[in-house]
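# Structural characterization, general
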Amino acid sequence: QVQLVESGGGLVQAGGSLRLSCAASGRTLTTMGWFRQAPGKEREFVASTWSGAYTYYADSVKGRFTISRDNAKNTVYLQMNILKPEDTAVYYCAGSIRATMIQSESEYNYWGQGTQVTVSS
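Please read these numbers as outputs of a predicted model, since none were measured by experiment.

By the definition in use, this model includes one disulfide. Sulfur-sulfur distance for the disulfide between Cys22 and Cys93 comes to 2.0 Å. Measuring handedness by torsion sign, the sulfur bridge of Cys22 and Cys93 sits at about -80° and is left-handed. With Cys22 in strand 3 (residues 18-25) and Cys93 in strand 9 (residues 89-96), the pair connects residues that are 71 residues apart, well separated along the chain.

A few words now on the pattern of salt bridges. Two side chains that carry opposite charge are able to pair once their charged atoms sit near each other. For the structure on display, the rule yields four salt bridges. One salt bridge in this structure joins Lys62 and Asp59, with 3.4 Å as the shortest N-O distance. Each of the two residues, Lys62 as well as Asp59, counts as exposed.

Mapped onto the fold, Ala58 is located in the loop between strand 6 (55-57) and strand 7 (65-70). The buried category is assigned to Ala58, whose relative accessible area is 13%. When the C-alpha positions of Ala58 and Phe45 are compared, they lie 6.5 Å apart, and in sequence the two are 13 residues distant. Those residues in contact with Ala58 that lie beyond four places of it in its chain are Phe45 and Val46.

This part covers the environment of Leu4. As for its placement among the helices and strands, Leu4 is situated in strand 1 (residues 3-7). The spatial distance from the C-alpha of Leu4 to the C-alpha of Cys93 is 6.9 Å, given a sequence separation of 89 residues. When neighbours within four sequence positions are excluded, Leu4 is seen to be in contact with Cys22, Ala23, Ala24, Leu29, Met32, Cys93, Ala94, Gly95, Tyr110, Trp111, Gly112 and Gln113.

Before going further, it helps to examine the pairing of strand 9. Among the eight residues of strand 9, seven are classified as buried, and the element is accordingly described as predominantly covered. Pairing analysis gives seven bridges linking strand 4 (residues 31-37) to strand 9, with the strands arranged antiparallel. Each bridged residue has a counterpart across the sheet, and for Gln37 the counterpart in strand 9 is Val90. In this sheet, strand 10 (residues 110-111) lies alongside strand 9 in antiparallel orientation, the contact comprising two bridges. Bridged to Ala94 within strand 10 is Trp111.

Residues Trp34, Val46, Phe65, Leu78, Met80 and Tyr91 are the most contacted members of the largest nonpolar core, which totals 31 residues. For this core, the secondary structure elements donating two or more residues are strand 3, strand 4, strand 5 (44-49), strand 7, strand 8 (75-80), strand 9 and strand 11 (115-120).

All right, on to the sheet that holds strand 3 then. The strand order across the open sheet formed by four strands is 1-3-8-7, and the pairing between neighbours is antiparallel. Of all strands in the sheet, those bounded by a partner on one side alone are strand 1 and strand 7. Sheet twist, expressed as the average angle between the axes of neighbouring strands with direction ignored, equals 15°. Across six bridges, strand 3 lies against strand 8 in antiparallel orientation. Across the sheet, Arg19 pairs through a bridge with Gln79, a residue of strand 8.

Rules and cut-offs
Position numbers for residues start from 1 in each chain and track the written sequence from start to end. A pLDDT threshold of at least 70 governs which residues receive local features in this predicted model, and a stricter bar of 80 or more applies before side-chain atom pairs are shown or counted, although totals over entire chains, interfaces and linings include all residues. Excluded from the side-chain calculation are hydrogens and water; included are all heavy atoms of the structure. Any cysteine sulfur atom paired with another within 2.5 Å is treated as part of a disulfide. Counting from the N terminus, the helices are DSSP H or I runs at least four residues long and the strands are E runs at least two residues long. Put simply, a salt bridge is a Lys or Arg side-chain nitrogen that is within 4 Å of an Asp or Glu carboxyl oxygen. Working definition: with a 1.4 Å probe on protein chains only, accessible area under 20% of the residue-type maximum means buried, over 50% means exposed, and in between means partly exposed. Whether two residues are in contact is decided by their heavy atoms: any pair within 4.5 Å suffices. We call two strands paired when DSSP finds no fewer than two bridges between them. As used in this record, nonpolar core signifies buried Ala, Val, Leu, Ile, Met, Phe, Trp, Tyr and Cys residues forming a set joined through side-chain atoms within 4.5 Å. Note on method: axes are straight lines fitted to C-alpha atoms, helices fitted across the in-contact stretch only, with angles between N-to-C directions ranging 0 to 180 degrees.

Keep in mind these numbers describe shape, not what the thing actually does.
What follows is the structure in structure tokens.
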């Protein structure tokens, strides 16, 4: 079976950085993405990639977050810099068997359990 496991979440002060990791097991997934859900809000798209050349970011994180992938380790990362309190959320790793830039939850076949990121003022 395909399994995605996130790690790296935690508590950080505003302006700080965190790097989330998503370790994948099972079949290789073509597209990997990150979503997040803040208290009282719907889950929203954060970033995705299906190759080193194709990356997509939500406007709210563009210039601060970077998604990357280590194929040898079958792991995807989300480097988060200049964190803001508004970034506080549960972050979910997701994967798709297709190459896609569609920023929709329905596009993804597999999901991790989520990891909490809390940014304090």
